[in-house]
Each structure stands twice: as C-alpha cells, then as structure tokens.
Amino acid sequence: MILFFRRVLRWNYATFHLSTKKNNKMKNTIIGESLPNIPWEDKPKDCLDVLWRYSGNPILDWNPIPKAARIFNSAVLPYKDKFVGVFRADQRNGRATLFFGKSKDGLQWKIGPDPIQWVDENGKPNPLSYGYDPRFVKLDDSYYAVWCDDMHGASIGLGRTRDFKTFIRMPNPLMPFNRNGVLFPRKVNGKYLLLSRPSDSGHTPFGDIFLSESPDLIYWGNHRHVMSRGGSGWWQGTKIGAGPIPIETTEGWLLFYHGVSGTCNGFVYSFGAAMLDINKPWKVLHRTRDYLLTPEKPYETTGFVPNVTFPCANLYDAPTGRIAIYYGAADTCTAIAFTQVDKLINYIKKNSEV
C-alpha cells in the first residue's frame, strides 16, 4: 500500500511538472532569448497601472560625467552577462552627441569620458556634427545605432560596431528632414525594416510614422505609412514617433511609441504602445487609446525641457515576459519603467483604438 501511494505521488508530481513546463512554454509570448539578469522591480501593491516606474529613478541624473550636463533619450542592449549602450549626452557647450557606456546590472552605468569617435568604411575619421536620441540593436553579427543626425538638417544617422571600440558611420538611410529612426531586430520578408517620422526643418508639424525597407541597409525604399497622430484623445494629437526596437511576440510586433500634445505651456511627451502585424508591420492591429505613461514625477515634469517621457530602449526576458523600458525624462535624465508582456498586450487589446 505504501509503495502504491509512493508511485501515485511520483506520477502526480511528474504529471504536474510536465504540465507546468508545457504551460510555461505556452506562455512564452515573447519570441527571443532569456535575460535572467534583466533590471526588474515588482509592481507596487497599490499600483493600478499596467506599467510602473522604477523606485530608484532617475538612474542617470544631472552632470553624470565631466563632459556632459545631461544624459537622456538613450539606448541599451544586453551583451554577454552585462549591458552596453549608446547614450545621448548634451555637453557643456549645449551640443548633443553620442557616448558609449557599460553596466554590470543595467542600472549603474559607466559612461565613456569622450564621445564616440566615428570612422568611415576605410577607417578615416568621420565625425558627427551632432547626434541625439539613439536606438541600438543587434542585427546579424553587428550592433547598429540609429540616431538623429545632421545632413543639412535633421536626418537619420546609421552606424555599426562589432567590438564597441571601432564605430563605423554608414550612409544616411533617408533624406532630411526625418527623425525617430528605429530598426527592426531581424529581416521581415527578406528585407531590413526601418521606422521613421518625416518632418520639416522646424519642430515637426508632420507627425506620422512610416516604414521603409532595404535589401542591404544602404538603399532604402518601398515606403509605407504605419500610424497617424491623433485619435479620440489629445495626448498624441500633435505628433508621434517610434520608440524602442520592436519586440517580436506571438501576437505581433510590440512597439512602444511616444505621443505629443500641444498645450498653452508647450509640448507634453507621453508614451503608449501598439501591436503591428508580424509579416506586414505597416499594418496596425491594436493601439492604445490612452497613454501608458505621462510626465508626473518631478524628474519628468521639471528639467531642461519640462514634461517629457521619451522611450528609446527596452530589454526583455522571454520566459517571464518581463520588460524594462528606458526613457528620457525632461530632456535631463534617464529613467526606467517596467511591465509584463501578457498583461500589457491584454491591456492594449482591451483599450485599443485603431
């Protein structure tokens, strides 16, 4: 009898264990790798939102390094068991440029003392006039940065590195005037894809997101409209722009994006999220009616440019669905917010406006 019960217990345990593994596998909504050391903080018990801020914000504040007064709107990636990033640093002469940084935990960052020294394909110096609001992505065997560049006006810059020592500046993918360039993390239908937000030479009355494709990251075309500014609310009525690198999921591409409203006291930058079709990313499946995060905390409402939350990067852990979003706050500092992919997608679907 005792032996029988032992066998039953073992069978029940094995069945439960296999069932749990199967269910966990079914819940792997993010198509990607595990990142067990992702920066993370559990949702506060009194928080009713699907996205919440890190209690240690901001992770980079005023005067973080001798040559920069502010570091914000920056992009990070996992690398081996650590993290790397390309950072927008506004120097003490007021000019924005790009710095490289490293971190052991994604929270405490060591930023290089000098700007990235860009070179051309032949290794000759090819410096930036300015560079800001970078995104950073691993594609094939290289790491690519996309930023707002100067090509007789605001345009999209593109560069790559393999070792984080030599940074090669590539041809500008699109003509000016354009901002908020965001590469997809893999080819779709055999083509590289780039999101952007065409604008004019001023502060962007054009406000929609477009998608371009390329066979080689050099020649770009077949441009398509993706999303328009506006909607029933006002938070994204002036303009919108793609944020971090899209996350591939079983439900489609998850894209965080910023939306801007014009007030009597200037612009307010909030951010929301959308789901794009996995094979036709110019097709929007769902889009948040309300913002996910808007300037509320002192480090978001007060600074060099008040009332800005501007997402530029996200890290994820596929098995748990945890997502950490890096965003610039008030054009002054860098902050993090967290969410969980299944709960977020469910929220987007229930609160969608397409």
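What counts as what
Residues numbered from 1 in each chain as written. Predicted model: local features only at pLDDT ≥ 70, side-chain atom pairs only at ≥ 80, totals over all residues. Heavy atoms only, no water. Buried < 20%, exposed > 50% of the residue type's maximum accessible area, 1.4 Å probe, protein only. Helix = DSSP H or I, 4+ residues; strand = E, 2+ residues; numbered from the N terminus. Arc of directions from axis to C-beta. Contact = heavy atoms within 4.5 Å. Polar contact = N/O pair within 3.5 Å; in protein donor to acceptor, adjacent residues only side chain to side chain. Pairing = 2+ DSSP bridges. Phe/Tyr/Trp six-rings, centres within 6.5 Å; stacked < 30°, edge-to-face > 60°. Lys NZ or Arg CZ within 6 Å of the ring centre and 35° of its normal.

Caption draft 1: Here's a closer look at helix α3 (residues 341-350). For α3, the set of buried residues is Val341, Leu344, Ile345 and Ile348. Viewed along the axis of α3, the buried residues span an arc of 95°, placing them on a single side of the element. In α3, those exposed residues whose orientation departs by more than 90 degrees from the buried face are Lys343 and Lys350. Looking at the packing, one finds that the buried side of α3 touches β16 (247-249), β17 (252-263), β18 (266-276), β19 (284-287), β21 (322-329) and β22 (333-340). The N-cap of α3, judged by a side-chain oxygen 2.9 Å from the amide nitrogen of Asp342 a few residues on, is Gln340.

Caption draft 2: Structural detail: the sheet that holds strand β10 (residues 167-170). Strand order in this open sheet of five strands is β6-β10-β9-β8-β7, and the pairing throughout is mixed. In this open sheet, the two strands that pair with only one neighbour each are β6 (118-119) and β7 (132-139). Examined bridge by bridge, β7 and strand β8 (residues 142-150) share six bridges and lie antiparallel to one another. By the bridge assignment, Arg135 is partnered in β8 with Val146.

Caption draft 3: Expanded view of the environment of Pro185. With respect to the secondary-structure elements, Pro185 resides in the loop between β11 (178-183) and β12 (192-198). Between the alpha carbons of Pro185 and Phe72 there is a distance of 22 Å; along the sequence they are 113 residues apart. Look past the residues within four positions of Pro185 in its chain and what remains in contact with it is Val137, Lys138, Leu139, Ile245, Pro246 and Trp253.

Caption draft 4: View of the packing of aromatic side chains. Inspection of every chain in the model, using the stated rule, returns 18 aromatic pairs. The interplanar angle of 85° and the centroid separation of 6.1 Å between the aromatic rings of Tyr54 and Phe338 together place this pair among those described as edge-to-face. A residue pair is termed long-range when its members are at least 10 positions apart, and Tyr54 in the loop between β1 (52-53) and β2 (68-79) and Phe338 in strand β22 qualify at 284 residues. Accessibility assignment for this pair places Tyr54 and Phe338 in one class, buried. For the pair Tyr79 and Phe164, a centre-to-centre distance of 4.8 Å together with 80° between the ring planes defines the contact as edge-to-face. Taken together, the residues span a long stretch of sequence, with Tyr79 in strand β2 and Phe164 in the loop between β9 (154-161) and β10 at a distance of 85 residues. Note on Tyr79: relative accessible area 26%, which makes it partly exposed. Residue Phe164 is classed as buried on the basis of its relative accessible area, which comes to 9%. Among the aromatic residues, ring-to-ring pairing joins Tyr79, Phe100, Trp118, Phe136, Tyr143, Trp147, Phe164 and Phe167 into one connected group. When the ring centre of Phe304 is taken as reference, the NZ or CZ atom of Arg70 above it lies at 3.7 Å. One cation-aromatic arrangement involves Lys138 over Tyr143; the distance from NZ or CZ to the ring centre is 5.7 Å.

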